[in-house]
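Residue-level structure breakdown
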Amino acid sequence: MAQRGSLRKKIFFFTVILTMSNITSFLYAANTRGDNLMELTLVDLDGKKVRLDQLAEDKPLLLYFWATWCKPCRKTQPKVAALAKKYKDRVEVVGINVGGLDSPKDIKKYRSRHRITYTMLIDRDDEAVKAYSVSAIPVVILVDETGKILFRDNEPPANLEKFLPE
């Protein structure tokens with residue numbers, strides 16, 4: 001019996017170490033890509049091409065990966081909208097619609113219905129999804145002007161202030 005508990009502890013610690021290793025390697029890989037992330041070109045709701053670095057204008061970007069059909073996204077969206085309003089002079093908030101199921105018309109209706117004022121882009125070719133290793137939505141990522149990831153989670157940060165330059 002004592003050996004069984006010892007084996008469980010070893011498996012648990014191995015799992016923790018493996019998980020931490022994966023997380024560390026993901027963050028390292030994401031942050032070593034540098035400015036290439038900011039050079040991504042997406043499409044706005046009118047079909048115009050927009051580069052992320054053009055939106056940043058020397059401010060961090062809060063990227064919100066979402067879709068209209070995503071229930072968790074509907075819960076996260078008001079929090080993102082509140083941050084966009086509160087930090088409008090310090091952060092550029094960009095909603096990036098993913099999944100390819102929403103038409104620009106659907107997104108415009110959603111934006112209007114929810115009174116969303118931040119920029120909306122469409123990731124038609126999954127370029128941003130791949131570049132930022134997004135595997136599930138919603139995802140909120142804060143990047144600095146060079147594309148370095150400062151924050152990443154399924155929810156916006158509770159205290160965005162601590163991630164922003166003074």
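Everything below is about the structure shown above.
Reading guide: rules and limits
- Residues numbered from 1 in each chain as written.
- Predicted model: local features only at pLDDT ≥ 70, side-chain atom pairs only at ≥ 80, totals over all residues.
- Heavy atoms only, no water.
- Helix = DSSP H or I, 4+ residues; strand = E, 2+ residues; numbered from the N terminus.
- Contact = heavy atoms within 4.5 Å.
- Buried < 20%, exposed > 50% of the residue type's maximum accessible area, 1.4 Å probe, protein only.
- Disulfide = S-S within 2.5 Å.
- Core = buried A, V, L, I, M, F, W, Y, C linked by side-chain atoms within 4.5 Å.
- Patch = residues over 30% accessible without salt bridge, like charges linked within 9 Å, V, L, I, M, F, W, Y side chains within 5 Å.
- Areas by Shrake-Rupley, 256 points an atom, 1.4 Å probe, with all protein chains shown as cover.
- Salt bridge = Lys/Arg side-chain N within 4 Å of Asp/Glu carboxyl O.
- Lys, Arg positive; Asp, Glu negative; His and termini not counted.
- Charge placed at Lys NZ, Arg CZ, Asp CG, Glu CD.

Considerations on the environment of Gln77
- Looking at where Gln77 falls in the secondary structure, it is placed in helix H3 (residues 71-86).
- Note: C-alpha distance between Gln77 and Pro138 (61 residues apart in sequence) is 9.0 Å.
- Once residues within four sequence positions are removed from consideration, Gln77 is found in contact with Tyr64, Tyr110, His114, Ile116 and Tyr118.

A short note on the environment of Lys148
- With respect to the helices and strands, Lys148 occurs in the loop between strand S6 (139-143) and strand S7 (149-153).
- Given the relative accessible area of 41%, Lys148 is considered partly exposed.
- Distance from Lys148 to Met38, taken between C-alpha atoms, is 9.1 Å for residues 110 residues apart in sequence.

Examining the state of the cysteines
- One pass over the structure, following the stated rule, counts one disulfide.
- Here Cys70 engages in a disulfide with Cys73; their sulfurs sit 2.4 Å apart. What sets the handedness of the Cys70 and Cys73 disulfide is the S-S torsion sign, and at about 80° it is right-handed. Of the two residues examined, Cys70 and Cys73, each falls in the buried class.

Notes on the nonpolar core
- Counting 48 residues, the largest nonpolar core has Leu52, Leu61, Leu63, Phe65, Tyr132 and Ile141 as the members making the most contacts within it.
- Looking at this core, the element that brings in the most residues is strand S3 (residues 61-66), giving six residues.
- Aside from chain neighbours lying at most four places away, what touches Leu61 is Met38, Leu52, Leu55, Ala56, Val91, Glu92, Val94, Ile141, Leu142 and Val143.

Some thoughts on a positive patch on the surface
- Together, Lys71, Arg74, Lys75, Lys105, Lys109 and Arg113 make up a positively charged patch on the protein surface.
- Broken down by secondary-structure element, the contributors of at least two residues to the positive patch are H3 and helix H4 (104-113).
- Relative to the helices and strands, Lys71 resides in helix H3.

Everything listed here is a matter of geometry and, on its own, says nothing about what the molecule does.
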